[in-house]
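Here is how the chains run, residue by residue.
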Amino acid sequence: MQKRVGIINTDAGNVKSVIYAFTKLGCIASILDEPTDEIDVLVIPGQGRFGKVMQALRKRQLDHYIRQWYFSKKPIIAICVGMQIFFQDSDEDPDIPGLGIFPDSVTKLDTPKQPVIGWLPLNSKTNLLSDKVVYFVNGYGVKATQFATAHVNYQETFTAAIESRGLRAFQFHPEKSGKDGLEVLAKCL
Amino acid sequence: MSIIINSELKSRIIVCLDIANGRVVKGVNFENIKDMGEPIELACQYEQQGADEIVFLDITATQEKRSAALNMVNKVAENLSIPFTVGGGLNNLSDVNQYLNAGADKVALNTAAIKSPELINQIADSFGSQSLCVAVDSKKDSNGVDTVFSNGAREVTRLQTLNWLQEVESRGAGEILLTSIDRDGTNSGFDNELLSRASKNNRVQLIASGGASTPSHFLTAFQAGADAVLAAGMFHRKEYEVSEVKAYLSKNSINIRK
């Protein structure tokens, strides 16, 4: 049966690539403006800055919805800033709290070139992620967290993926990571 | 060559598609334009060959062709699963918004950034630095000073290249596409001396452009400090596939995505 994928509207522009990626994988993908029970997988896309995304979620009460999905162990795929909002806060917008589900903070990365733009190999022991080379676009990141399942090295080491309950979250953009990225998404469905 | 310890970031190969009237074209020193094929078809071929990114330039030369260009960007987003940048004819925030919403990952600004540098700040604030690549066309003046040119490399400006690169970075550009007009389309290799100085001067990533015709040109550009290398003609003319260039670079210890 076709999976129904709901992609949260974070008011942050382009979600087309995310929609197309799930469509390629045989899903029915739609944009979500409000909480619903009519989907199988919740996706938090990776465009925009931390504070703006949190404000957009709170405005639509989607922050509670994401929490409910998470604590009831339903499947969530979160990308880039979509992963970062699960943490306490971010150097990007220090006055706007995140969902605070994980205790760590998102910090500005001290990489040789900034922001990080490009492909990095994942260091991971999971079947899902090991040996994959994927595309990153970020100036901020989570240095370490107990929920990490992959990390990358660009002088600074940072978290590339986390897994907890039904959540699979990626600092990279699987929808922009060629074949490797689509394989990762396919296995998350 | 600068050595970065514990960096696993791949050196990128970017294929550039210059667009005119919905077709891919190629010229020498921005002149003698030839038809090279259909944009989406070519972009998909390059993704298959291992290109890390695609850049579409001059996609939007005129307002009346805007909807056709946006439609093309949308189709590109639907078909590619690697990142792509669009540039040419974007003059304000609303243009940028349209292209990002149509599915582009980044926009490239050139003359618009020279005319109104604050546009760089506005785009960085509204959409984030990562969505903005500033393209700089550089040529040596009669005294050998690297100087910025505008309007498709036709007009000289008062800006010195290295100063301008620092300014666009401090205003919020996420990366810089540096084209040597002296080298563009000449097949004589990149201006590695300029690349080397620029990469030491800037903390955003530097994409080298203009002059590549052999895999060894890519190697020397990376060794000079380029983070990514952009080429067009040698791929469109099918002299090399992206995968061949990557195999050569890999043999020569450049860390590329296989």
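The structure we're discussing is the one just above.
Definitions and limits used
Residues numbered from 1 in each chain as written. Chains lettered and ligands numbered in written order. Predicted model: local features only at pLDDT ≥ 70, side-chain atom pairs only at ≥ 80, totals over all residues. Heavy atoms only, no water. Helix = DSSP H or I, 4+ residues; strand = E, 2+ residues; numbered from the N terminus. Rg over C-alpha atoms; globule rule 2.2 N^0.38 Å. Contact = heavy atoms within 4.5 Å. Areas by Shrake-Rupley, 256 points an atom, 1.4 Å probe, with all protein chains shown as cover. Lys, Arg positive; Asp, Glu negative; His and termini not counted. Charge placed at Lys NZ, Arg CZ, Asp CG, Glu CD. Buried < 20%, exposed > 50% of the residue type's maximum accessible area, 1.4 Å probe, protein only. Salt bridge = Lys/Arg side-chain N within 4 Å of Asp/Glu carboxyl O. Polar contact = N/O pair within 3.5 Å; in protein donor to acceptor, adjacent residues only side chain to side chain. 1 Å grid on protein atoms, 1.4 Å probe; cavity = no way out; pocket = protein on both sides within 12 Å on 5 of 7 lines; lining within 4 Å. Points joined across faces, edges and corners; volume = space filled by probe spheres on them. Nonpolar A, V, L, I, M, F, W, Y, C, P; charged D, E, K, R; others polar. Core = buried A, V, L, I, M, F, W, Y, C linked by side-chain atoms within 4.5 Å. Buried area = accessible area lost by both parts, 1.4 Å probe.

**Student:** Please clarify how the overall build of chain B should be interpreted in this entry.
**Tutor:** When its secondary structure is counted, chain B shows 10 helices and 12 strands. Against the 2.2 N^0.38 benchmark of 18 Å for 258 residues, chain B shows a C-alpha radius of gyration of 17 Å, consistent with a compact globule. Once the C-alpha set of chain B is aligned to its principal axes, its extents read approximately 45 × 40 × 40 Å. Within chain B, counting contacts between residues at least 6 apart in sequence, those at least 24 apart form 65% of the total. Accessible surface for chain B amounts to roughly 10,600 Å². Of this, 46% is attributable to carbon and sulfur atoms. With 25 positive and 31 negative side-chain charges, chain B shows a spacing of 3 Å between the two charge centroids.

**Student:** Is there a simple way to think about the overall build of chain A in this case?
**Tutor:** For chain A, the helix and strand inventory stands at five helices and 12 strands. Each of the three principal axes of chain A carries a C-alpha extent, and together these read 45 × 40 × 30 Å. Considering chain A as a whole, with its 189 residues, one finds that 60% of them fall into the buried category. Contacts in chain A between residues at least 24 apart in sequence constitute 67% of all its contacts with a sequence separation of at least 6. When the accessible surface of chain A is totalled, it reaches about 7,300 Å², and 46% of it is carbon and sulfur. Side chains of chain A give 22 positive and 20 negative charges; the mean places of these two sets differ by 4 Å.

**Student:** Explain the pattern of salt bridges to me, please; I cannot follow it from the model alone.
**Tutor:** Think of it this way: side chains of opposite charge can pair up when their charged atoms draw near. Inspection of the entire model under this criterion finds 24 salt bridges over all chains. In this structure, A:Glu183 and A:Lys132 form a salt bridge, with 3.3 Å as the shortest nitrogen-oxygen distance. Taken together, the residues span a long stretch of sequence, with A:Glu183 in helix 5 (residues 178-188) and A:Lys132 in the loop between strand 7 (123-124) and strand 8 (133-138) at a distance of 51 residues. The partly exposed category is assigned to A:Glu183, whose relative accessible area is 35%. Classification of A:Lys132 as buried rests on a relative accessible area of 8%. Among the ionic pairs, B:Asp146 bridges to B:Lys140, the shortest N-O distance being 2.8 Å. Taking the relative accessible area as the measure of exposure, B:Lys140 reaches 33% and is therefore partly exposed. The network of salt bridges with shared partners includes B:Lys140, B:Asp146, B:Asp191, B:Glu193 and B:Arg197.

**Student:** Is there a simple way to think about the side chain of B:His217 in this case?
**Tutor:** Residues and elements named next belong to chain B. Assignment of secondary structure puts His-217 in helix 8 (residues 215-224). Classification of His-217 by relative accessible area gives buried; the value is 14%. For His-217, the side chain forms a polar contact with the main-chain nitrogen of Ser-213, separated by 2.9 Å. Not counting residues within four places of it along the chain, the set of residues in contact with His-217 comprises Asn-187, Ser-188, Gly-189, Phe-190, Gly-211 and Ala-212.

**Student:** Which parts of the structure should I look at to understand empty space enclosed by the protein?
**Tutor:** Any space left empty among the atoms is revealed by the rolling of a water-sized probe across them. All names here are of chain B. Scanning the model with the defined rule gives three cavities of 30 Å³ or more in all. Looking at the largest cavity, its volume works out to about 40 Å³. In terms of lining residues, the largest cavity is bounded by Leu-178, Thr-179, Ser-180, Phe-190, Asp-191, Leu-194, Leu-195, Ser-209 and Gly-210. Among the secondary structure elements, those contributing two or more residues to the lining of the largest cavity are strand 10 (175-180) and helix 7 (192-201). Looking at which element gives the most residues to the lining of the largest cavity, the answer is strand 10, with three residues. Within the lining of the largest cavity, the residues separate by chemical class into four nonpolar, four polar and one charged.

**Student:** I tried to follow the nonpolar core on my own but got confused; where do I start?
**Tutor:** Among soluble globular proteins, nonpolar side chains are generally buried collectively. Among the nonpolar cores identified, the biggest contains 77 residues, and B:Leu17, B:Ile54, B:Phe56, B:Phe84, B:Phe218 and B:Phe235 are the most heavily contacted of them. The element that contributes the greatest number of residues to this core is helix 2 (residues 66-79) of chain B, accounting for six residues. Each residue touching B:Phe235, except ones within four places of it in the same chain, is listed here: B:Ile13, B:Val15, B:Tyr46, B:Phe218, B:Tyr240, B:Glu241, B:Val242 and B:Val245. In terms of nonpolar packing, the next biggest core, distinct from the first, is built from 33 residues, A:Leu120, A:Phe158, A:Phe172 and A:Leu185 among them.

**Student:** Teacher, can you tell me more about the interface of chain A and chain B here?
**Tutor:** Interface size is commonly expressed as the accessible surface area that is lost when the partners come together. Counting from both sides, the interface comprises 33 residues of chain A and, opposite them, 41 residues of chain B. Contact between chain A and chain B buries roughly 3,000 Å² in total, counting both sides, with carbon and sulfur atoms accounting for 49%. Considering only the side of chain A, the residues that lose the most area to chain B are A:Lys113, A:Ile117 and A:Trp119, jointly responsible for 24% of the buried surface there. Taken together, chain A and chain B are joined by three salt bridges.

**Student:** How do you make sense of the layout of surface pockets when you look at a structure like this?
**Tutor:** Here the second largest pocket is characterised by a volume of approximately 1,000 Å³. Lining of the second largest pocket is provided by 44 residues; of these, A:Glu92, B:Phe127, B:Gly128, B:Ser129 and B:Gln130 occupy positions nearest its centre. Classifying every residue of the lining of the second largest pocket gives 13 nonpolar, 19 polar and 12 charged.

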